[in-house]
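# A look at the structure
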Amino acid sequence: MTGRAQNPPFTGPVLRVADITKRYHLQGPLTAKISRKGEKNNILRALDGVNIELRRGEILALVGESGSGKSTLAKILVGGIPATSGAVHYHGVQMPKRRGREASRRIQMVFQDPYSSLNPRISVGAMLRELLLLHRIVPRGEVRAESIRLLNLVGLEADALDAFPSQFSGGQRQRLAIARALAVRPDILIADEPVSALDVSVQATILDLFARLQLELGLSILFIAHNLAVVQHLSQRVAVMYLGRIVEVADTAELFSNPRHPYTRALIDSIPRMTAGSVNEAFVLEGEPPSPFNIPSGCRFNPRCPFAGDACRIEDPALVVVGSVTGASPHESACLRAADLDELSLARTPNPAVAGTVRSVIK
Ligand SMILES: Nc1ncnc2c1ncn2[C@@H]1O[C@H](COP(=O)(O)OP(=O)(O)O)[C@@H](O)[C@H]1O
Ligand code: SF4
Ligand SMILES: [Mg+2]
């Protein structure tokens, strides 16, 4: 009997973002206000050529200051808004511009504010039932059992079924939002600052939940944060975003011990517990992030970079491999001077007064 030739299973990244850009053409009073401030045009470049891969079963952290484009990328990945150009590949296949129900189901999002993402008028049981039936996840007779399984998976009990979102604490609501995302059995979760709105004491329990879900369900997770400290013990890899571009990617331990972009060094230095005696103690980063209406020419980080040279104001550095530790992923950086950063840092004089400013501008 002749069997049909089968394609070998796809072993590449579950998600690949290829050269994504997102531009907003602003019109009306907002544009006029911007013009008075001396901005050059009304085109805001929220994403300016993003390339990134999410691997099967990993937690990849996406970190960068507020306004760097993290949420914009998240919305494009879940199909909430269209990209201006570029492509998103899911398991090696380009996602269509308009996704069908099945394609939408596979990539789910968890938002920063669980309360606004849950309908206050619908009970937890009704919310889960609606999703399970709409997507035909289980037969009608199994909906209740499946709902309880989902609640247990996120650390909640069956009695939550009859309750409404307002009856839960912030951490519990985020658990509900995660259960809702998991109800449709996605293989990718995009979590956009899911712990930023929670009390510090609750944050750790939600981070633990993400780690457990990764292990138990084999989920691939893009975990967005504006603070590197949050992801240090959670993610396997970290991608650092600056003004609409990825400027550094590496395994988490490698990124923390051997950062190869001055912006990453500043982010690490902004973690309070790491400032005293850290390798980046002398690092200086001044000024507010530049405007996405007017991205600096050359390296987009050059106006704030203490190591900027003449070439940095002309050449726009691509994200390239700058090294790789045995057994680890390639370490990529978009800095022309990535190889010389240690030497350059040593040559600088520590300036604690400015280091304080650095911490205050990284939010
Ligand atoms: N709908 C929109 N219209 C105009 N500008 C937007 C819109 N959404 C986001 N932006 C702008 O895009 C940039 C990136 O925003 P965002 O993706 O929310 O950043 P982050 O999540 O990293 O804080 C910001 O300058 C923001 O003001
Ligand atoms: S390319 Fe130049 S300006 Fe950009 S981060 Fe590297 S040293 Fe700084
Ligand atoms: Mg955001």
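Given the structure is predicted, the values throughout are model-derived calculations rather than measurements. (Residues numbered from 1 in each chain as written. Chains lettered and ligands numbered in written order. Predicted model: local features only at pLDDT ≥ 70, side-chain atom pairs only at ≥ 80, totals over all residues. Heavy atoms only, no water.)

### Regarding the site of ligand 1
Taken together, the neighbourhood of ligand 1 is formed by 13 residues, with G67, G69, K70, S71 and T72 sitting nearest. In this structure, an oxygen atom belonging to ligand 1 sits 2.8 Å away from a side-chain N or O atom of K70. S71 has a polar side-chain atom sitting 2.9 Å from an oxygen atom of ligand 1. When residues of the shell around ligand 1 are traced back to their parent elements, those giving at least two are β2 (43–54) and α2 (70–77). Broken down by element, the residue count for the shell around ligand 1 peaks at three residues, all from α2. Of the residues in the shell around ligand 1, the class split is five nonpolar, six polar and two charged. (Near = heavy atom within 4 Å. Polar contact = N/O pair within 3.5 Å; in protein donor to acceptor, adjacent residues only side chain to side chain. Helix = DSSP H or I, 4+ residues; strand = E, 2+ residues; numbered from the N terminus. Nonpolar A, V, L, I, M, F, W, Y, C, P; charged D, E, K, R; others polar.)

### A look at the site of ligand 2
Surrounding ligand 2, one finds H261, P262, C299, F301, N302, C305, F307, A308, C312, C335, L336 and R337. Of the residues contributing to the shell around ligand 2, the split by class is nine nonpolar, two polar and one charged.

### What about the packing of aromatic side chains?
A complete count under the given rule lists four aromatic pairs for this structure. With 5.0 Å between their ring centres and 85 degrees between their planes, Y242 and F301 make a pair best called edge-to-face. Of the two residues, Y242 is situated in strand β9 (residues 237–242) and F301 in the loop between α12 (272–275) and β11 (320–324); the sequence distance between them amounts to 59 residues. Taken individually, Y242 and F301 each receive the classification buried, so the pair is uniform in this respect. Taken together, the ring pairs in this structure connect Y242, Y263 and F301 into an aromatic cluster. (Phe/Tyr/Trp six-rings, centres within 6.5 Å; stacked < 30°, edge-to-face > 60°. Buried < 20%, exposed > 50% of the residue type's maximum accessible area, 1.4 Å probe, protein only.)

### Observations regarding the pairing of strand β3 (residues 59–63)
Counting buried residues in β3 gives five out of five residues, a clear majority hidden from the surface. Burial along β3 is two-sided: the residues I59, A61 and V63 and L60 and L62 are all buried. As judged from the five bridges shared by β3 and strand β8 (residues 220–225), these two strands associate in the parallel manner. Residue pairing across strands places L60 opposite L222, the latter belonging to β8. Of the pairings in the sheet, the one linking β3 to β9 comprises four bridges and is parallel in character. Across the sheet, the residue bridging to L62 is A239, located in β9. (Pairing = 2+ DSSP bridges.)

### What about helix α5 (residues 124–134)?
If you check which residues of α5 are buried, you get V124, G125, M127, L128 and L132. Relative to the axis of α5, the buried residues are bounded by an arc of 165 degrees and lie together on one face. Once α5 ends, the next one or two residues include R136, with phi positive near 50 degrees. (Arc of directions from axis to C-beta.)

### Here we look at unusual backbone geometry
Positioned with a positive phi, R136 is a non-glycine residue whose angle comes to about 50 degrees. Tracing the backbone through its elements, the reader meets R136 in the loop between α5 and α6 (143–153). A residue is classified by how much of its surface remains accessible, and R136, at 73% relative accessible area, is exposed. Unusually for a residue other than glycine, L243 sits at a positive phi of about 45 degrees. On the secondary structure map, L243 appears in the loop between β9 and β10 (245–251).

### Some words on the pattern of salt bridges
On inspection of all chains with the given rule, the structure shows 15 salt bridges. Taking the shortest distance from any N to any O, the salt bridge between D48 and R245 comes out at 3.9 Å. Within this pair, whereas D48 is found in strand β2, its partner R245 is found in strand β10, the two being separated by 197 residues in sequence. Take D48: its relative accessible area is 7%, and that puts it in the buried class. With its nearest N and O atoms 3.9 Å apart, the salt bridge here joins E193 to K70. (Salt bridge = Lys/Arg side-chain N within 4 Å of Asp/Glu carboxyl O.)

### Observations regarding the packing of α6 against helix α7 (residues 170–183)
When two helices pack together, their arrangement is given by the angle between the helix axes and by the axis-to-axis distance. Two elements in contact, α6 and α7, have axes separated by 9 Å at closest approach and are oriented at 130 degrees. What the angle tells us is that α6 and α7 run oblique. Once α6 is placed against α7, the crossing between them reads as right-handed. Packed against α6, whose contacting residues are L150, L151 and L153, the element α7 presents L176, A179, L182 and A183 at the interface. (Axes fitted to C-alpha atoms, helices over the stretch in contact; angles between N-to-C directions. Parallel < 35°, antiparallel > 145°, perpendicular 65-115°, else oblique. Left-handed = near helix turned anticlockwise from the far one by under 90°. Contact = heavy atoms within 4.5 Å.)

### Re the confidence of the model for the protein chain
Interpretation of this model should avoid reading the predicted coordinates in detail wherever pLDDT is low. Predicted confidence across the protein chain gives a mean pLDDT of 87, with 86% of residues reaching 70 or more. Below a pLDDT of 50 lies the segment residues 349–363, which in the model reaches 22 contacts outside its immediate sequence neighbourhood of four places, other chains included. (pLDDT = per-residue confidence, 0-100.)

### Examining the nonpolar core
Formed by 67 residues in total, the largest nonpolar core has its most connected members in I178, L182, F210, F223, L228 and V231. With six residues, the single largest contributor to this core is α7. Mapped onto the domain boundaries, this core takes at least three residues apiece from domain 1 (13–235) and domain 2 (256–363). (Core = buried A, V, L, I, M, F, W, Y, C linked by side-chain atoms within 4.5 Å. Domains from an automatic or database assignment.)

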